[in-house]
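# Structural features, examined
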Amino acid sequence: MEKKKVSGFRYLPCAFLLLLLVMFVLPFFSVSTYSIIKNTTSHLGAQNAPNAWIMNVTFFLVGAACILEAWLHLSRFWFHKILLSIFGLGLIFTALFQHAPIINGVIFNSCEDKLHSIFATIVGFSFTFYAVSAAFIEETVKYWIVDIAVGLIATILSVLMGFLPEYSGIWQRTIFVISFSWLIFMLERIRAFNKQCGE
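Below or above, wherever it landed, is the structure these notes cover. (Residues numbered from 1 in each chain as written. Predicted model: local features only at pLDDT ≥ 70, side-chain atom pairs only at ≥ 80, totals over all residues. Heavy atoms only, no water.)

## Examining helix H6 (residues 110-134)
The end-to-end C-alpha distance of H6, which contains 25 residues, comes to 36 Å, matching closely the 36 Å that a straight helix rising 1.5 Å per residue would cover. Taken together, the buried positions of H6 are Glu112, Asp113, His116, Phe119, Val123, Ser126, Phe127, Thr128, Tyr130, Ala131, Ser133 and Ala134. Turning to H6, the residues buried within the fold contact helix H3 (41-44), helix H5 (78-96), helix H7 (141-163) and helix H8 (168-196). (Helix = DSSP H or I, 4+ residues; strand = E, 2+ residues; numbered from the N terminus. Expected span 1.5 Å × (residues − 1). Buried < 20%, exposed > 50% of the residue type's maximum accessible area, 1.4 Å probe, protein only. Contact = heavy atoms within 4.5 Å.)

## Quick look at H7
Here H7 contains 23 residues, and its C-alpha end-to-end distance of 33 Å stays within 8% of the 33 Å for a straight helix at 1.5 Å per residue. Within the span of H7, buried status applies to Asp147, Val150, Gly151, Ala154 and Leu157. Turning to H7, the residues buried within the fold contact H6 and H8.

## Focus on unusual backbone geometry
Note: most peptide bonds trans; most residues except glycine with negative phi. Phi angles above zero are rare outside glycine, and Asn48 is one such case at about 65°. With respect to the secondary-structure elements, Asn48 resides in the loop between H3 and helix H4 (52-73). The exposed category is assigned to Asn48, whose relative accessible area is 58%. Positive phi, close to 60°, is recorded for Asn51, a residue that is not glycine. Mapped onto the fold, Asn51 is located in the loop between H3 and H4.

It is worth stressing that arrangement in space is one thing and function is another; only the former is reported here.
This is the structure in structure tokens:
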């Protein structure tokens, strides 16, 4: 009974709701130069930024929720379980190692900033690989197409962050909304599949 309670709870939807709230509200309580259009969520959690701990705790909780969902529901799909766990760990480490401040002249730890960038890159790649690989465990062509499309959209928007950095805040928030919405529904299909198999 206790095990059913643990596996039945929707960890990721709760964490995603928190993420939505923080990434759209916290900008009003961050540095005065923060722009929701230009600046990313990493900048919200940057070193020496006001209330940065809120963004970093959120990253940590979302990452932990992804790992929990992976180990509770993807036991039949070990490759996907590993990929989603790497994605979750990447989010956790982006919280632990923080981005450089967006205000010039503020002292910061450059090594920590580099580590943040590395783990943020791991987050991006692991999600794309997960989305594309998810297509191969889908039962219908419709979801196969959706999975591939989500992986491509996430990649295109990530590239746009490099080519049009003045809109990075929009690109990244769009990635998060699309990616986590898709992931939540994808995991619901896995839950339904596991029930059919008697798990």
